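Structural features, examined
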Amino acid sequence: MMDRLFASYGDTAPSTTMRRPRKCAIIGAGQVGMACAYSMLIQSTFDEMVLVDVDRVKVEGEVMDLVHGLSFVEPAIVKAGNIADCQGANIVIIMAGARQRTGESRLELLGRNVTIFKGLISELVRYCPDAIYLERRSSNQAAS
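Report on the accompanying structure.

This part is about the environment of V63. Looking at the element boundaries, V63 is found in helix α3 (residues 56-68). Taking the C-alpha atoms as reference points, V63 and G81, 18 residues apart in sequence, are found 10.0 Å from one another.

Written as structure tokens, this is what we have:
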């Protein structure tokens, strides 16, 4: 009986068990997208992460920052890319969206975001047809 109480966790699965690599794509490298990326990296959620943003220079800088901290977490591949680089992603997290301009109505903002999403979704589905898609909702969206 005491043997079962103190059994090692490693005893439950054969040592030859390998999990397949998990790939995530995050579309939008703003504050929310980067917080999401950071959180998933420190929790070792994915083996590979691709970050995509219309501002290529910004996303490359953000990736460099994340890569500098990789030695403190389980090994992962983090790279800046484009929609085609998302191919094979298991999960696609869409954090992209336009910021509301001063004086712009929420309906006008919605129209701009619809345009953005129409272009994104058709491309993403082409490269990641079997992925699970997640999209952020702002607190304003949830309240209305």
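Glancing now at unusual backbone geometry. The backbone of S44 sits at a positive phi, close to 50°, despite the residue not being glycine. Inspection of the secondary structure puts S44 in the loop between α2 (31-42) and β2 (48-52).

What follows concerns the side chain of K23. For K23, the position within the fold is in strand β1 (residues 23-27). Owing to a relative accessible area of 10%, K23 belongs among the buried residues under this scheme. At a separation of 2.9 Å, a polar atom in the side chain of K23 contacts the main-chain carbonyl oxygen of D85. Within the local environment of K23, its side chain forms a polar contact with the backbone oxygen of Q87, the two atoms lying 2.7 Å apart.

A separate point is the nonpolar core. Within the largest apolar cluster, 20 residues are counted, with the highest numbers of intra-cluster contacts made by I26, M40 and L51. Beyond its immediate stretch of four places on either side in the chain, L51 contacts I26, M34, A37, V59, V63, L66, V78, K79, A80 and G81. Counting 15 residues, the second-largest nonpolar core is a separate cluster that includes A25, A89, V92 and A96.

The sheet built from five strands is open, its strands ordered β3-β2-β1-β4-β5 with parallel pairing. Sheet topology places β3 (77-80) and β5 (132-135) at the edges, where each strand pairs with a single neighbour. On average, each strand axis in the sheet is tilted by 15° relative to the strand beside it, whichever way the strands run. Inspection of the sheet shows β1 paired to strand β4 (residues 91-94) by four bridges, in the parallel sense. Paired with A25 across the strands is V92, a residue of β4.

Criteria and thresholds
Residues numbered from 1 in each chain as written. Predicted model: local features only at pLDDT ≥ 70, side-chain atom pairs only at ≥ 80, totals over all residues. Heavy atoms only, no water. Helix = DSSP H or I, 4+ residues; strand = E, 2+ residues; numbered from the N terminus. Buried < 20%, exposed > 50% of the residue type's maximum accessible area, 1.4 Å probe, protein only. Polar contact = N/O pair within 3.5 Å; in protein donor to acceptor, adjacent residues only side chain to side chain. Core = buried A, V, L, I, M, F, W, Y, C linked by side-chain atoms within 4.5 Å. Contact = heavy atoms within 4.5 Å. Pairing = 2+ DSSP bridges. Axes fitted to C-alpha atoms, helices over the stretch in contact; angles between N-to-C directions.

Everything listed here is a matter of coordinates, which is why it stays silent on function.
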